[in-house]
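Below, each chain spelled out in residue letters.
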Amino acid sequence: MFRFLFERDTWQEVLDSLKKNKLRSVLTMVGVWWGILLLIGLLGSARGLENSFNRLFGDFATNSVFIWGQRTSKPFQGFQEGRGVQLSLTDAKKIEENVEGIEFVLPRNQRQVSATRNFQTGSFQMVGDYPLLDKLQKKNLLNGRFLNENDIKDNKKVVAISEDVYKQLFEKDENAIGQYIEINDINFKVIGVFEISNVRMGPSQDMHIPFTTYQQIYNQGDRIGWLMITGKPGFDIKQIEVDSKLLLKNLNTIHPDDNRAFGSFNLGKEFAKLTGFLIGMQFLTWFVGVATLIAGVFAIGNILLIAVRERTKEIGVRRALGATPFEIKRQIVVEAVFITLVAGILGIISGGWILIALDHFFGQGDDAALVNASVSIAVVFIALVILVILGTLIGLIPAFKATSVKPIEALREE
Amino acid sequence: MLQIHQLHKSYPIGDSSLHVLKGIDLSVEEGEMVAIMGSSGSGKSTLLNIIGMLDEADSGEYILDGLTIKDLTEKKAAVYRNKFLGFIFQSFNLINYKTALENVALPLYYQGMKRKERLELAMFHLEKVGLAEWSHHLPKELSGGQKQRVAIARALAANPKLLLADEPTGALDTKTSHEIMAFIQHLNDEGKTILMVTHEEDIANMCKRIIRLRDGVIMEDTKVNQVRAEQYV
């Protein structure tokens, strides 16, 4: 049945009739070409944008909320309003034990310090951290390692520094690992140098020392600066924030309706806005692309229909010469599929060029708007298959129209 | 060769219908050259179309070379047309984006003949009509007479039993008409059965038999002394 596809004559006929109607063929193809070009361009851009967001947030546990103590705004159980709120390790532990859907609770302390090495000095933000931080906020290490459990256990005086710190305190190409820097007059051994993250949450964090070391040096006791809470996948981080705050108010004797006692930043909520935007954009992209494509295919059907009317007489002659209706239909459908396919492939190729151009102009560097703007081969393939199917279906309309006219009527037409 | 009994055909016109053929009886022997004449509306073209299986009769019998032509599906009709019949039209009806050679080869294509074979055979027929050196020209580059000769070559290509011509000289000047008629007479001399519709008396007289139709019935059926077209060329 499909042997005719491999016969030279079939294609000769198709090419002849397309060549004869160059303008018509080209106009038809432009519709489909434009549709698939748009689809690929839009999908690629959407993917690029998504990739760039993912690159920004990829190293970050986005399902997180940060909570810190502020001042109370309501009197409660004999306490005046305006009381300072101080979070403690016990709070952290209670949250971890009692709030549903918690993955990690990470207590942190942070302060401004001055660091000195030889004759170079700088002022930096130093954080007391657990090794867990590396999991939630991936540190890309250029050299050495991040904090580990031994550092915590032994209150080691070790520090992981950012490349900023490295640049200010060390000579170019100097190996920082194992060297000592003086932080507020205490010597710390450098164990790692990490890259600065693309996304900054709050003030920059230049140096990380073990949480326990921080506690010891600064006499922190139980007190902590702020909490980073990460929810398990599938749990609503907004609910976790509400639950945690309520628990904290309870633990710290604060009025349950006091909204100013704790400050917070819900990364999950902010991120959800972004992903919502991305999903919306993807939907729009598909919608526009597919709609354009369908419009293109209909243009093919439309033009073929006109073409068939133009060719009524030719079709009549062919039938007088012995062409069966099936042969005529087959011919028209093959023409339709051929046009769609060629236009589709051209569209894919030029869509590829568009993506290359997008990558060239918007995809270079660390802060690129579109990262790796691309379309998966599967999507392209499926689009092409759908095109061919639509092309066949739309080709059937003029094909049936062509053979519904009796050859005698077709021939009579002048 | 061809027998027709009580052929009726009417066309619906709005609510009523127009009775075009009112019982035609006709018999054509092999090697005959028949002209069908009549004023417009006499049903001569309808008769030719039914014989050509382009149209179907309402009732009556049509036997072509011993084969009863009845209840044709489009597909069957196409196959019969291809096998038994060659058409020559008034307006040539060549496919304008195909060369003369490809036009002649078209019926052979629908017969499923291989490309090389059919182009060879088409070339043979083009040579026969004297247009070998025009084989790669498009119809628009040919004169009216040449176009009709290409059309004749195309009608002959599939070696049909019956050649049907609908006003073959209608679009040609007198001189070219005579050339074409001379040619058709030669084909008849070689044994081809030819049926042609015409309204020109002199063209009809170049056939061997004239059938006159009026209002859907045969008025007159006479053998004539053939006027050879060569003498005018």
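Residues numbered from 1 in each chain as written. Chains lettered and ligands numbered in written order. Predicted model: local features only at pLDDT ≥ 70, side-chain atom pairs only at ≥ 80, totals over all residues. Heavy atoms only, no water.

**Concerning the overall build of chain B**
Quick reminder of the rule: Here a strand is any run of E in DSSP of at least two residues, a helix any run of H or I of at least four, and the numbering for each starts at the N terminus. In this scheme, a residue with accessible area under 20% of its type's maximum is buried, one over 50% is exposed, and one in between is partly exposed, where area comes from a 1.4 Å probe on protein chains only. When checking whether two residues touch, look at their non-hydrogen atoms; a contact exists if any pair is within 4.5 Å. Areas reported as accessible are Shrake-Rupley estimates using a 1.4 Å probe. Residue values count occlusion only from the protein chains shown.
From N to C terminus, chain B includes seven helices and ten strands. Residue burial in chain B is summarised as follows: out of 233 residues, 52% are buried. Taking as baseline every contact in chain B between residues at least 6 positions apart, the subset at least 24 positions apart corresponds to 69%. Carbon and sulfur atoms make up 49% of the accessible area of chain B, which amounts to about 10,100 Å² in all.

**Thoughts on the UniProt feature "transmembrane region" (unreviewed entry) in chain A**
Quick reminder of the rule: UniProt positions are given in the numbering used here, feature names are shortened, and annotations may be inferred rather than shown by experiment.
UniProt records the feature "transmembrane region" (unreviewed entry) for residues 26-46, 283-308, 336-358 and 370-397 of chain A in the present numbering. Here residues 283-308 of chain A runs as 100% helix and 0% strand, with 37 Å between its end C-alpha atoms.

**Here's the deal with the packing of aromatic side chains**
Residues and elements named next belong to chain A. How we decide: Each pair of aromatic rings taken from Phe, Tyr and Trp, with Trp reduced to its six-membered ring, is defined by centres within 6.5 Å and is described as stacked if the planes are under 30 degrees apart, edge-to-face if over 60, and tilted in the remaining cases. In this scheme, Lys NZ or Arg CZ marks a charge over a ring once it lies within 6 Å of the ring centre and within 35 degrees of the ring normal.
Under the definition given, this model contains eleven aromatic pairs over all chains. On the numbers, 5.5 Å between centres and 55° between planes, the contact of W11 with F338 is tilted. Taken as a pair, W11 in helix 1 (residues 8-20) and F338 in helix 11 (residues 325-362) lie far apart in primary sequence, 327 residues in all. On the basis of relative accessible area, F338 is assigned to the partly exposed category, the value being 23%. Three or more aromatic residues link up through ring pairs in this structure, and these residues are F66, W226 and F265. In this structure, R83 is placed above the aromatic ring of F79, and the distance from its NZ or CZ to the ring centre is 4.1 Å. A cation over an aromatic ring shows up here: K139 above the ring of F194, its NZ or CZ 4.9 Å from the ring centre.

**Here's the deal with the pairing of strand 7 (residues 180-183) of chain A**
Residue and element names in this part refer to chain A. Note the threshold: Strands pair, by our definition, only if DSSP identifies at least two bridges between them.
Burial of the side chains of strand 7 is restricted to one face: I181 and I183 are buried, whereas none of Y180 and E182 on the reverse face is. The pairing of strand 3 (residues 102-117) with strand 7 spans two bridges and is antiparallel. Bridged to A115 within strand 7 is I183. When strand 7 meets strand 8 (residues 186-194), the two strands line up antiparallel, connected through four bridges. What sits directly across from E182, in strand 8, is N187. Linking strand 7 back to strand 8 in an antiparallel pair, the connection comprises two residues, with N184 at a positive phi of about 45°.

**Some details on the environment of A:W34**
Residue and element names in this part refer to chain A. The topology assignment puts W34 in helix 2 (residues 22-57). With relative accessibility at 42%, the residue W34 sits in the partly exposed group. Residues W34 and S350, spaced 316 residues apart in sequence, show a C-alpha to C-alpha distance of 9.5 Å.

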